[in-house]
Amino acid sequence: MTEEWQAGRLDSDLDGVGFDTLAVRAGQQRSPEGEHSEAIYPTSSYVFRTAADAAARFAGEVPGNVYSRYTNPTVRAFEERIAALEGAEQAVATSSGMSAILAMVMSLCSGGDHVLVSRSVFGSTISLFEKYLKRFGVQVDYVPLADLQAWSAACKPNTKLLFVESPSNPLAELVDIAALAEIAHGKGALLAVDNCFCTPALQQPLKLGADLVMHSATKYIDGQGRSMGGVVAGKAELMKEVVGFLRTAGPTLSPFNAWIFLKGLETLRVRMQAHCASSQQLAEWLEQQPGIEHVYYSGLPSHPQHELAKRQQSGFGAVVSFEVKGGKDAAWRFIDATRVISITTNLGDTKTTIAHPATTSHGRLSPAERASAGIRDNLIRVAVGLEDIVDLKADLARGLAAL
Ligand SMILES: *Cc1c(COP(=O)(O)O)cnc(C)c1O
């Protein structure tokens, strides 16, 4: 039995509610079946009542779905929820984090435009700019993330976009996003932030002045390592272009993955808090171990940008990197001695992962490029999951014993 009052938009009364309420309820539409959880709509196309209805929907004169490359109710629910959490006018979902970055650049930049990218971004992001976008005449330069003067000096009259990941991977460097937004706007450019490592639960770049924010939803938004996806969010005026590119080019999100991410968002903040709490404990503990040379974690007072991290983020994140005493062999012995933690380069999972950046994520860089990125052979990166902290410590102690 179905009742009218059960169906329709459920989030029209959410003005002024808190982050956790938005995370659980924003974007929800209920079908006449009265389902409590969000429905999945696995359909490629939609039926129109009449030919005139079809024409009006295609013309955009009446709202409604036309084709799932354009819109899908489950995907739209995810987009509206993430827009609410990032404080964005609009969001659009993509098939992966990389297609979110691709859509952003393709829709905003033309041949002859200049783009500035922080030096320590995700490897595939660098490949995208270097191997492909440069072929279409987009000029790209790289800037040390934290150095505001260098950003300002690197801007040219044709600089269209500044693109950063803050905090960076794997060394947890930050940039003052509000100050960088001011620099970008002063030069007539846009600032885009890859917010994958913090998620809106810890950092909301749009509220700090950024124009666009993007995510690999594959990481913490899913949170359990199940599916690939991404999202771009920002002002409606800019998003119009991004949406237009995605609808035409096609790397849109599947309804099933959108549903996974909707469910992921509902637990995002409590998961991030737990990830951060364990990371803090592990970072403090590692810093005291004689086998460890240095720990990179912005929650430590020894981190040079600890104060900025406190101001800009509501948590320090869940990536803890450290240098062991010794070189590559010692790092590998440490990694191979762990029994609980998974040896994988992914992050944002309930399962803790461990990786050796110099021979995996940064393995294709030349030794000189690695040195300038600060990636030493004795560096290990741990992306802290949700296992018992005593078990994680015991596992890392196996690594220490193998040094
Ligand atoms: C994983 C990742 C990406 C790419 O996302 P995919 O979903 O793998 O395409 C981009 N940026 C950062 C910071 C990432 O960690």
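Residues numbered from 1 in each chain as written. Predicted model: local features only at pLDDT ≥ 70, side-chain atom pairs only at ≥ 80, totals over all residues. Heavy atoms only, no water.

As recorded by an unreviewed UniProt entry, the chain carries the name O-succinylhomoserine sulfhydrylase and is attributed to Pseudomonas borbori. On record in UniProt, under Subunit (unreviewed entry), the comment for the chain is "Homotetramer." Looking at the Catalytic activity (unreviewed entry) heading of the UniProt record, one finds this comment for the chain: "O-succinyl-L-homoserine + hydrogen sulfide = L-homocysteine + succinate". (UniProt positions renumbered as here; feature names shortened; annotations may be inferred.)

**Q** In this structure, what is going on with the site of the ligand? I would like to understand it.
**A** For the ligand, the set of nearby residues contains 13 residues, the closest of which are Gly97, Asp194, Ser216, Thr218 and Lys219. Side-chain polar atom of Asp194 to a nitrogen atom of the ligand: 2.7 Å apart, as the coordinates give it. At a separation of 2.6 Å, an oxygen atom of the ligand approaches a polar side-chain atom of Lys219. Protein contacts shield 93% of the accessible area of the ligand, which totals 380 Å² for the unbound molecule. When grouped by side-chain class, the residues that make up the shell around the ligand number 5 nonpolar, 5 polar and 3 charged. (Near = heavy atom within 4 Å. Polar contact = N/O pair within 3.5 Å; in protein donor to acceptor, adjacent residues only side chain to side chain. Areas by Shrake-Rupley, 256 points an atom, 1.4 Å probe, with all protein chains shown as cover. Nonpolar A, V, L, I, M, F, W, Y, C, P; charged D, E, K, R; others polar.)

**Q** Teacher, can you tell me more about the UniProt feature "modified residue: N6-(pyridoxal phosphate)lysine" (unreviewed entry) in the chain here?
**A** UniProt records the feature "modified residue: N6-(pyridoxal phosphate)lysine" (unreviewed entry) for Lys219 in the present numbering. Mapped onto the elements, Lys219 comes out in the loop between strand E8 (212-216) and strand E9 (230-234). Taking relative accessible area as the criterion, Lys219 reaches 9% and is therefore assigned buried. Here Lys219 is in contact with Phe122, Cys196, Asn346, Leu347 and Gly348, once residues within four sequence places are set aside. (Helix = DSSP H or I, 4+ residues; strand = E, 2+ residues; numbered from the N terminus. Buried < 20%, exposed > 50% of the residue type's maximum accessible area, 1.4 Å probe, protein only. Contact = heavy atoms within 4.5 Å.)

**Q** I keep staring at the packing of aromatic side chains and nothing clicks. Help me out?
**A** In this description, an aromatic ring pair is defined by two values, namely the gap between the centres and the angle between the planes. Taken as a whole, this structure holds 6 aromatic pairs when the rule is applied. Residues Phe322 and Phe334 carry aromatic rings whose centres are separated by 5.3 Å and whose planes lie at 55° to one another, so their mutual orientation is tilted. Linking Phe322 in strand E11 (residues 319-324) with Phe334 in helix H13 (residues 328-337), this pair joins segments that are 12 residues apart in sequence. Both residues of the pair, Phe322 and Phe334, belong to the buried class. Positioned above the aromatic ring of Trp332 is the side chain of Lys328, whose terminal nitrogen or guanidinium carbon lies 4.1 Å from the ring centre. (Phe/Tyr/Trp six-rings, centres within 6.5 Å; stacked < 30°, edge-to-face > 60°. Lys NZ or Arg CZ within 6 Å of the ring centre and 35° of its normal.)

**Q** So what exactly am I meant to see when it comes to the pairing of strand E5 (residues 139-143) here?
**A** Note that strand E4 (residues 114-118) and E5 share 5 bridges and pair parallel. Each residue of the ladder has a partner; that of Ser118, found in E5, is Val143. Once the chain exits E4 it traverses helix H5 (residues 123-132) before rejoining the sheet at E5, and the crossover so formed is right-handed. (Pairing = 2+ DSSP bridges. Right-handed = clockwise from strand over helix to strand, strands pointing away.)

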